[in-house]
Amino acid sequence: MASIVVVCRRRKSIKSSSKSKSGDILSIWNFDGKIAFEDIISATENFDEKYCIGVGGYGAVFKIELDSGVIFAVKLLHLMEEYSDEGTFHAEIEVLTKIRHRCIVKLYGFCCHSHCKFLVYDLIERGSLLSILHEQELAKELDWPRRVAVVRDVAQALSYLHHDCDDPIVHRDIKSSNILLDLDYKACVSDFGMARKLKNGYSSWSTIFAGTCGYIAPELSSTMVLTEKCDVYSFGVVALEVVMGKHPGDLLLPFFCRTEQPTKLKDVLDQRIAAPLSIDEEKAVILVALVAFACLQVNPKARPTMQQVYQALSNRSHIALRPLHEIRLQDLHDYCGSIKSI
């Protein structure tokens, strides 16, 4: 452990017991005493608001540039007298120190003290998918090929978490604000504060009702049983959000009340960007919508796994449906079970 004591409060200066050595951000990770966190404190002027690029439920994110020119994102966790976020902090560290994937945000280090907790990540330049979809000009840049690729990236990250780790990891808070896009529109899944491991691949009882309204799997409200299929449902909401350019909202209701859906798919697509330009683009958009509907099924057992979803999207599998302008939402309801067999 480092022989460094960090004492800090929001809006007050942060000091350490010895002088900083410039540069090596990994010293936070390795606890080798180089006090790289002092460079972070200096670069953000004690976490001054002018460096803040986002605020969430668990903390504020700051953009920092060290003297070496290297740029990082630092998440400073909120501290409140009546609330302890110790579990959230350590959950994120435990998960991210053991996984490496190009579609999952990279953790470089952390600082942990009773009065100061922050995590150091790669800066993903374009910010969240949510913020891009909310800005008309930015949303126009996110054309159909890029949107299909974003959905595929998120599917790949979740497939890795669910199927390629020693113990399956459930994110528990998949939503558009936790998906970050880089300059090349590559998507990365972030914010693992609510993530949990499923020991031996079995489901477990969730002692905390985690997640975000509008993205939470319906079974959690009644059973509180945590499985990978909870992430699958949330992914379905995000996939539909990417297609529509906004949260699907009331479009999710027919999954619960089983009403007929005569609306055509083309009428719910994001109208801020041009319609798919080729037959291949049309088929890719239809496939994303079909995958979304498959993931949104109320019965968790009826949903595909994220491995099946990623395989369907990466193989560019095509279902024999009508052209885009003819497809009704009801058709997607009727055929979404075919995703499991792709």
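This is a predicted model, so every value here is computed, not measured. (Residues numbered from 1 in each chain as written. Predicted model: local features only at pLDDT ≥ 70, side-chain atom pairs only at ≥ 80, totals over all residues. Heavy atoms only, no water.)

This paragraph deals with the pattern of salt bridges. Counted under the stated rule, the structure contains 12 salt bridges. For the salt bridge of Lys186 with Asp153, the shortest nitrogen-to-oxygen distance reads 2.8 Å. With a gap of 33 residues between them, Lys186 in the loop between strand S8 (179–181) and strand S9 (187–189) and Asp153 in helix H6 (residues 144–163) connect regions that are remote in the sequence. Connected through salt bridges with shared partners, the residues Arg322, Glu326, Arg328 and Asp331 form a single ionic network. (Salt bridge = Lys/Arg side-chain N within 4 Å of Asp/Glu carboxyl O. Helix = DSSP H or I, 4+ residues; strand = E, 2+ residues; numbered from the N terminus.)

Under the UniProt annotation, the feature "binding site: ATP" (unreviewed entry) is placed at Lys75. Tracing the chain through its elements places Lys75 in strand S3 (residues 71–77). Setting aside residues up to four positions removed in sequence, Lys75 forms contacts with Ala60, Val61, Glu92, Lys117, Phe118, Leu119, Tyr121 and Asp191. (UniProt positions renumbered as here; feature names shortened; annotations may be inferred. Contact = heavy atoms within 4.5 Å.)

A word on the layout of surface pockets. Size it by volume and the largest pocket reaches roughly 800 Å³. As for the largest pocket, its lining consists of 34 residues, of which Gly54, Val61, Ser177, Leu180 and Ser190 are closest to the centre. Breaking the lining of the largest pocket down by element, the ones donating at least two residues are strand S1 (52–55), strand S2 (59–65), S3, strand S5 (116–122), strand S6 (127–128) and helix H4 (129–134). Of the residues assigned to the lining of the largest pocket, the class counts are 13 nonpolar, 12 polar and 9 charged. (1 Å grid on protein atoms, 1.4 Å probe; cavity = no way out; pocket = protein on both sides within 12 Å on 5 of 7 lines; lining within 4 Å. Points joined across faces, edges and corners; volume = space filled by probe spheres on them. Nonpolar A, V, L, I, M, F, W, Y, C, P; charged D, E, K, R; others polar.)

At their nearest, the axes of helix H10 (residues 279–295) and helix H11 (residues 306–314) sit 10 Å apart, and the two run at 170 degrees to each other. Of the possible angle classes, the one that applies to H10 and H11 is roughly antiparallel. Packed against H10, whose contacting residues are Leu287, Val288, Val291 and Cys295, the element H11 presents Val309, Ala312 and Leu313 at the interface. Considered class by class, the residues forming the contact of H10 with H11 number 7 nonpolar, no polar and no charged. (Axes fitted to C-alpha atoms, helices over the stretch in contact; angles between N-to-C directions. Parallel < 35°, antiparallel > 145°, perpendicular 65-115°, else oblique.)

Side chains of Leu253, Phe256 and Val298 sit close together on the surface and give an oily, nonpolar patch of about 250 Å² of accessible area. Topologically, Val298 is positioned in the loop between H10 and H11. (Patch = residues over 30% accessible without salt bridge, like charges linked within 9 Å, V, L, I, M, F, W, Y side chains within 5 Å. Areas by Shrake-Rupley, 256 points an atom, 1.4 Å probe, with all protein chains shown as cover.)

Membership of the largest hydrophobic core comes to 88 residues, with the highest contact counts inside it found for Ile99, Phe235 and Leu265. The leading source of residues in this core is H10, at 12 residues. Once residues lying within four places of it in the same chain are set aside, the contact partners of Ile99 are Ile104, Tyr160, Leu161, Cys165, Ile169 and Phe192. Grouped together as the second largest cluster of nonpolar side chains are 16 residues, Ile64, Leu76, Tyr108 and Cys116 included. (Core = buried A, V, L, I, M, F, W, Y, C linked by side-chain atoms within 4.5 Å. Buried < 20%, exposed > 50% of the residue type's maximum accessible area, 1.4 Å probe, protein only.)

Confidence along the chain averages 81 in pLDDT terms, with 79% of residues attaining 70 or more. A low-confidence stretch, residues 1–23 stays under pLDDT 50, and its non-local contacts, those more than four residues away or across chains, total 54 contacts. Every residue in residues 30–35 is under pLDDT 50, and counting partners more than four places away or in other chains gives 17 contacts. (pLDDT = per-residue confidence, 0-100.)

Moving on to the packing of aromatic side chains. Scanning the model with the defined rule gives 3 aromatic pairs in all. When the ring of Phe47 is compared with that of Phe62, the centres are 5.0 Å apart and the planes differ by 65 degrees; the resulting orientation is edge-to-face. One end of the pair, Phe47, is in the loop between helix H2 (36–43) and S1; the other, Phe62, is in strand S2, and 15 residues separate them in sequence. Summarising the burial analysis for this pair, Phe47 and Phe62 share the class buried. (Phe/Tyr/Trp six-rings, centres within 6.5 Å; stacked < 30°, edge-to-face > 60°.)

On to the sheet that holds S9. Strand order in this open sheet of 3 strands is S6-S8-S9, and the pairing throughout is antiparallel. The outermost strands of the open sheet, each flanked by one partner alone, are S6 and S9. Two elements, S6 and S8, share 2 bridges in a ladder whose sense is antiparallel. Bridge pairing links Ser128 to Leu180 in S8. Across the face of the sheet, H6 comes into contact with S8 and S9 while running at roughly 35 degrees to S9. (Pairing = 2+ DSSP bridges.)

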